Amino acid sequence: MSTPLRLGTRGSVLAMAQSGQIAEALTAATGREVELVEVVTAGDRSAAPVHRLGVGVFVTALRDALTAGTVDFAVHSYKDLPTAAAAGLHIAAVPPRQDPRDALVAKGGRTLAELPPGALVGTGALRRIAQLHALGLQLEVTPIRGNVDTRLRRVLGPDADLDAVVLARAGLARLGRTDEITETLDPMLMLPAPAQGALAVECRADDPELVELLAMLDHAPSRAAVTAERALLATLEAGCSAPVAAYAELAEGDAGEEIYLRGAVISPDGSRDLRLSRTGTPADAAEIGKALAAELLELGADSILGLEGSTGPGTQQFGSTG
């Protein structure tokens, strides 16, 4: 019998659920047994708002465990990964991506448009806060932390203090709780974070046998979409908690399969909102992301990313290229 592979994972209910699903998929595909090894990250120990924690707070400890050899591979929420490659490590697989859209859970089954002015909406992402402000719905938006259960209790529990929360649909799907969603938000209203809904399966680059084994879980369309989105983020030199959104979809075009990438940069107060789109082939995924980011920068995205945000919602600028 082969020694079980050690899979490093954060200890949250969601992290354990998605890591467990990867472990089961790998065992089904290869016959290798997998055991989960909990690793506590700096992000898990802090109660500060996510956008104030810095880049990589949920992954550094996992990568340290990989490098030290205390785990054989790790599963990350891909959107938490810094865009710079980690020395000596390799993303061996991007499994099929869950629905990357954001979801609303609101009292009384309300949709976003049905929330009254002044409704208190909680979310953990500056990107979502910025886009909610940009919609001009006169909502009161507050940053929140905590696992999925904690966030849902703030709307649905006996001591609820929020009218609604916005969180990733993928997390609710992996926990089997999509029945609590009152609205899955159209990307035209709420563009997802780069790589939202995708997982990254990472191992040491100097372990070619494990690299090959884990590659059996790779899903090429998901990897191409994530590559385009993260190339945009990297070119903007923005962290994973910045008010940057990107969503790539693959579809059949006139000349074969195409990627359609949408990107946005929104000031934290919603007063400036730049959105562009670009198309290309999956083989050019990274270049599509870089090119779209360059056009956003030409329109002033760098100045938006430097804003603190202090006023109210204003005009949006939309465009399409490529």
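As shown above, the structure is provided for reference.
Residues numbered from 1 in each chain as written. Predicted model: local features only at pLDDT ≥ 70, side-chain atom pairs only at ≥ 80, totals over all residues. Heavy atoms only, no water.

1. Focus on the overall build of the chain
Phase 1 of the analysis: Scanning the chain from terminus to terminus reveals 10 helices and 14 strands.
Phase 2 of the analysis: Out of the 322 residues belonging to the chain, those deemed buried represent 48%.
Phase 3 of the analysis: Sequence-distant contacts in the chain: of pairs separated by 6 or more residues, those separated by 24 or more amount to 70%.
Phase 4 of the analysis: As presented, the chain carries roughly 13,900 Å² of accessible surface, and 50% of it is formed by carbon and sulfur atoms. (Helix = DSSP H or I, 4+ residues; strand = E, 2+ residues; numbered from the N terminus. Buried < 20%, exposed > 50% of the residue type's maximum accessible area, 1.4 Å probe, protein only. Contact = heavy atoms within 4.5 Å. Areas by Shrake-Rupley, 256 points an atom, 1.4 Å probe, with all protein chains shown as cover.)

2. Points about the nonpolar core
Phase 1 of the analysis: Among the nonpolar cores identified, the biggest contains 22 residues, and Leu 232, Leu 236, Val 244, Ile 259, Leu 261, Val 265 and Leu 296 are the most heavily contacted of them.
Phase 2 of the analysis: Contributions of two or more residues to this core are made by α8 (220-235), β11 (244-253), β12 (256-266), β13 (273-280), α9 (285-298) and α10 (301-305).
Phase 3 of the analysis: When residues no more than four places from it in sequence are discounted, the contact partners of Leu 236 are Val 244, Val 265, Ala 293, Leu 296, Leu 297, Ala 301 and Leu 305.
Phase 4 of the analysis: Counting 18 residues, the second-largest nonpolar core is a separate cluster that includes Ile 22, Val 201, Cys 203 and Val 211. (Core = buried A, V, L, I, M, F, W, Y, C linked by side-chain atoms within 4.5 Å.)

3. Focus on the side chain of Ser 267
Phase 1 of the analysis: Take Ser 267: it is sitting in the loop between β12 and β13.
Phase 2 of the analysis: A distance of 2.7 Å separates the side chain of Ser 267 from the side chain of Asp 269, its partner in a polar contact. (Polar contact = N/O pair within 3.5 Å; in protein donor to acceptor, adjacent residues only side chain to side chain.)

4. Some remarks on the pairing of strand β5 (residues 102-106)
Phase 1 of the analysis: Among the five residues in β5, five count as buried, and that is most of the element.
Phase 2 of the analysis: Judged by which residues are buried, β5 turns out to be covered on both faces: Asp 102, Leu 104 and Ala 106 on one side and Ala 103 and Val 105 on the other are all buried.
Phase 3 of the analysis: Alignment of β5 against strand β8 (residues 164-168), held across five bridges, turns out to be antiparallel. For Asp 102, the partnering residue across the bridge sits in β8 and is Ala 168.
Phase 4 of the analysis: Sheet topology note: the β5/strand β9 (residues 183-184) ladder contains two bridges and is antiparallel. Of the residues in β9, the one forming a bridge with Leu 104 is Glu 183. (Pairing = 2+ DSSP bridges.)

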